[in-house]
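Report on the structure
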Amino acid sequence: MKEIIGKRLKELRDSLKLSQVKIANQCGTTQASIYRYEHNESEAPLDILLWYADFFDVSLDYIFGRCDEPQGKLYQNQPKAIFEDENMKNMLEMCFDPKSPANAKLKEMLFNLLKENK
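Residues numbered from 1 in each chain as written. Predicted model: local features only at pLDDT ≥ 70, side-chain atom pairs only at ≥ 80, totals over all residues. Heavy atoms only, no water.

**Section: the nonpolar core**
- Counting residues in each nonpolar core, the largest one holds 21 residues, and the members touching the most others are Leu9, Ile23, Tyr52, Phe56 and Ile63.
- Looking at which element gives the most residues to this core, the answer is helix α4 (residues 46–56), with 7 residues. (Core = buried A, V, L, I, M, F, W, Y, C linked by side-chain atoms within 4.5 Å. Buried < 20%, exposed > 50% of the residue type's maximum accessible area, 1.4 Å probe, protein only. Helix = DSSP H or I, 4+ residues; strand = E, 2+ residues; numbered from the N terminus.)

**Here's the deal with the confidence of the model for the protein chain**
- Summary statistics for the protein chain give a mean pLDDT of 82 and a share of 77% for residues scoring 70 or more.
- Mean pLDDT across the secondary structure elements of the protein chain bottoms out at helix α6 (residues 86–95), with 69, and peaks at helix α3 (residues 31–38), with 97. (pLDDT = per-residue confidence, 0-100.)

**Considerations on the pattern of salt bridges**
- What the rule picks out here adds up to 7 salt bridges.
- For the salt bridge of Arg8 with Asp68, the shortest nitrogen-to-oxygen distance reads 3.0 Å. In this pair, Arg8 sits in helix α1 (residues 2–15) while Asp68 sits in the loop between α5 (60–63) and α6, placing the two residues 60 residues apart along the sequence.
- Arg13 is the salt-bridge partner of Glu38, the closest N and O atoms lying 2.5 Å from each other. Taken as a pair, Glu38 in helix α3 and Arg13 in helix α1 lie far apart in primary sequence, 25 residues in all.
- By sharing partners, the salt bridges in this structure join Lys7, Arg8, Glu11 and Asp68 into a single network. (Salt bridge = Lys/Arg side-chain N within 4 Å of Asp/Glu carboxyl O.)

**Points about the packing of aromatic side chains**
- The tally for this structure, following the rule as stated, stands at 4 aromatic pairs.
- Taking 5.7 Å as the distance between ring centres and 25 degrees as the angle between the ring planes, the aromatic pair formed by Tyr52 and Phe56 counts as stacked. Here Phe56 and Tyr52 lie together in helix α4, a separation of 4 residues that amounts to about one turn. Residue Tyr52 shares its accessibility class with Phe56, and that shared class is buried.
- Ring geometry for Phe55 and Phe56: centres 5.0 Å apart, planes at 80 degrees, overall edge-to-face. Comparing Phe55 with Phe56 shows no difference in burial state: the two are buried.
- Each residue in the set Trp51, Tyr52, Phe55 and Phe56 is aromatic and connected to the rest through ring pairs, giving one cluster.
- Sitting over the face of the ring of Tyr62, Arg8 holds its NZ or CZ atom 4.1 Å from the ring centroid. (Phe/Tyr/Trp six-rings, centres within 6.5 Å; stacked < 30°, edge-to-face > 60°. Lys NZ or Arg CZ within 6 Å of the ring centre and 35° of its normal.)

In C-alpha cells form, the structure reads like this:
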C-alpha cells in the first residue's frame, strides 16, 4: 500500500504541475519530506494525507489505492490550488486600479477564467 500512496501523491502534485517545494510550503513540511513520501522512503503522516485530500479534493480511499476514481460521494475533484491561491489573488488585485470600472470587469473575467481552468 505504501507504494500506491507515494504514486498517488506524486500524480496529484504533477496534475497541477506543482513543484515539491510549492507543495511543501503549502502543507507545512519540507521538500525533502515530499520527495521521501513520493518515493516511498518514508510514510506520510496522517495530517499530510488529510491535507492532500482536502487540497486536491479527493477521497482518502483514492490516496490509499482503495479505488481508482478520485471522487467519493462528497468530492468533486476540484483542486483549490489556482483560484484560492492568496498570492495569485493579491497579484491580480495589485494589477488593477480599483477606481476604474473597466479594470473591475477585466479583473472579474480573469478570476472567472482561473476558476474555469482549475
